[in-house]
Amino acid sequence: MAPFAHAPKQGRGGHDDMLTVYEHNESVCCQKVRLVLAEKAIAHTTINISFEERQQHTPEFLALNPKGCVPVIVHDGRVVTESTIITEYLDDAFAGPTLMPKEPYWRARRRLWARWIDEEMHIPHISTISFNISFTEHLKYKEGIHDQGPRGAPPPFFFVGLQSEAMLASLKAYQRFLAEMDRTLADQKWLAGPEFSLADIDVIPYVWRLKNLQLQGLWHKMPRIQDWLDRVSSRRSFRRMIIETALPDWLGSMRENGERAWPAVKEMLELA
């Protein structure tokens, strides 16, 4: 499905221009969208898609996005999918602070961060790390994954195991990503120039996921990353849309499984 498509009018009291957001609180892609909504104070209606109940694979949701992925937005009867496209759409379509950098160079830098996240760091790497530390157990995918219909067989990263070559490759990919963040932040306050922007919004859910999985040791020698993380997570938008709306059972599962996994991760990477 293309990122832009048509959907039936929402029919909510005749207000066809209302923005509806289909999301899951702990999805890194949805968190990007949630931050833009908060930074720009965009009024919207939220529909939660429960991963635990496999709602992303229901006929109703697949009619909006045949990929079975959140986030999805419906604005003025039109569907927009893919989180990076959604964040840019919201920045263009709604009033409020502009989140795309204004200068061409910094706009290009933001697009490089977005491309790195979308083409490599999301799948396979954050997925491999998340599922093999916590999500396979939490969502009980081993019991139900083969019955999920249109999405077919489970991706290989679901079950590779904690101490596997695929897991090690994903951890090392994040080491390289974090090292580039650290080099970037040595010269500027934010990832795409002097102002907070979509680049920081693109990246923060992925670093926050690592933190929740108790993997802060990956940047224990990179204090600039911790400083950046502290600055982003102290923003009102982050507190409101990420911290205050976090799902306790998901956070508990990530914390407990992450604490158990960290000694093996540390040994794999030979972190001092």
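What comes next concerns the included structure. Just so it is clear, the model here is predicted, and its values are computed rather than measured.

## Considering the overall build of the chain
Item 1. Counting its regular elements, the chain contains ten helices and five strands.
Item 2. By residue count, 54% of the 272 residues in the chain fall in the buried class.
Item 3. Excluding contacts between residues fewer than 6 apart, the proportion of contacts in the chain whose partners are at least 24 apart in sequence is 75%.
Item 4. For the chain, the exposed area adds up to about 12700 Å²; of that, 52% sits on carbon and sulfur atoms.

## Here we look at the environment of M254
Item 1. Here M254 shows up in helix α10 (residues 248-269).
Item 2. Separated by 121 residues in the primary sequence, M254 and I133 place their C-alpha atoms 7.6 Å from one another.
Item 3. Every residue in contact with M254, bar those within four places of it in the chain, is listed here: E26, S134, F135, R209, N212, L213 and Q214.

## What to know about the packing of aromatic side chains
Item 1. On inspection of all chains with the given rule, the structure shows eleven aromatic pairs.
Item 2. The interplanar angle of 70° and the centroid separation of 4.7 Å between the aromatic rings of W116 and F177 together place this pair among those described as edge-to-face. One end of the pair, W116, is in helix α4 (residues 104-139); the other, F177, is in helix α6 (residues 165-185), and 61 residues separate them in sequence.
Item 3. Taken together, F51, F131, F135 and W250 form an aromatic cluster joined through their ring pairs.
Item 4. The ring of W208 carries the charged tip of K211 above its face, separated from the ring centre by 4.7 Å.
Item 5. One cation-aromatic arrangement involves R231 over W190; the distance from NZ or CZ to the ring centre is 4.4 Å.

## Looking at helix α7 (residues 198-212)
Item 1. Between its first and last C-alpha atoms α7 spans 22 Å; for 15 residues at 1.5 Å apiece the expected length is 21 Å, and the two agree.
Item 2. Its axis deflected by about 30° at I204, α7 carries its strongest bend there, up to four residues before the proline P205.
Item 3. Of all 15 residues making up α7, 14 are buried, and the element is well covered by its neighbours.

## Quick look at the pairing of strand β5 (residues 78-81)
Item 1. Where strand β4 (residues 72-75) meets β5, four bridges bridge the pair, whose relative direction is antiparallel. Following the sheet pairing, I73 is matched in β5 by V80.

## Concerning the side chain of R109
Item 1. With respect to the secondary-structure elements, R109 resides in helix α4.
Item 2. Despite its burial, R109 pairs with no opposite charge, the nearest such side chain being E180 at 4.2 Å.
Item 3. Setting aside residues no more than four positions away along its own chain, R109 makes contact with E180, T184 and A192.

Definitions and limits used
- Residues numbered from 1 in each chain as written.
- Predicted model: local features only at pLDDT ≥ 70, side-chain atom pairs only at ≥ 80, totals over all residues.
- Heavy atoms only, no water.
- Helix = DSSP H or I, 4+ residues; strand = E, 2+ residues; numbered from the N terminus.
- Buried < 20%, exposed > 50% of the residue type's maximum accessible area, 1.4 Å probe, protein only.
- Contact = heavy atoms within 4.5 Å.
- Areas by Shrake-Rupley, 256 points an atom, 1.4 Å probe, with all protein chains shown as cover.
- Phe/Tyr/Trp six-rings, centres within 6.5 Å; stacked < 30°, edge-to-face > 60°.
- Lys NZ or Arg CZ within 6 Å of the ring centre and 35° of its normal.
- Expected span 1.5 Å × (residues − 1).
- Bend = angle between axes of the 7 residues up to and from the residue.
- Pairing = 2+ DSSP bridges.
- Lys, Arg positive; Asp, Glu negative; His and termini not counted.
- Salt bridge = Lys/Arg side-chain N within 4 Å of Asp/Glu carboxyl O.

This is a description of form; function is not addressed.
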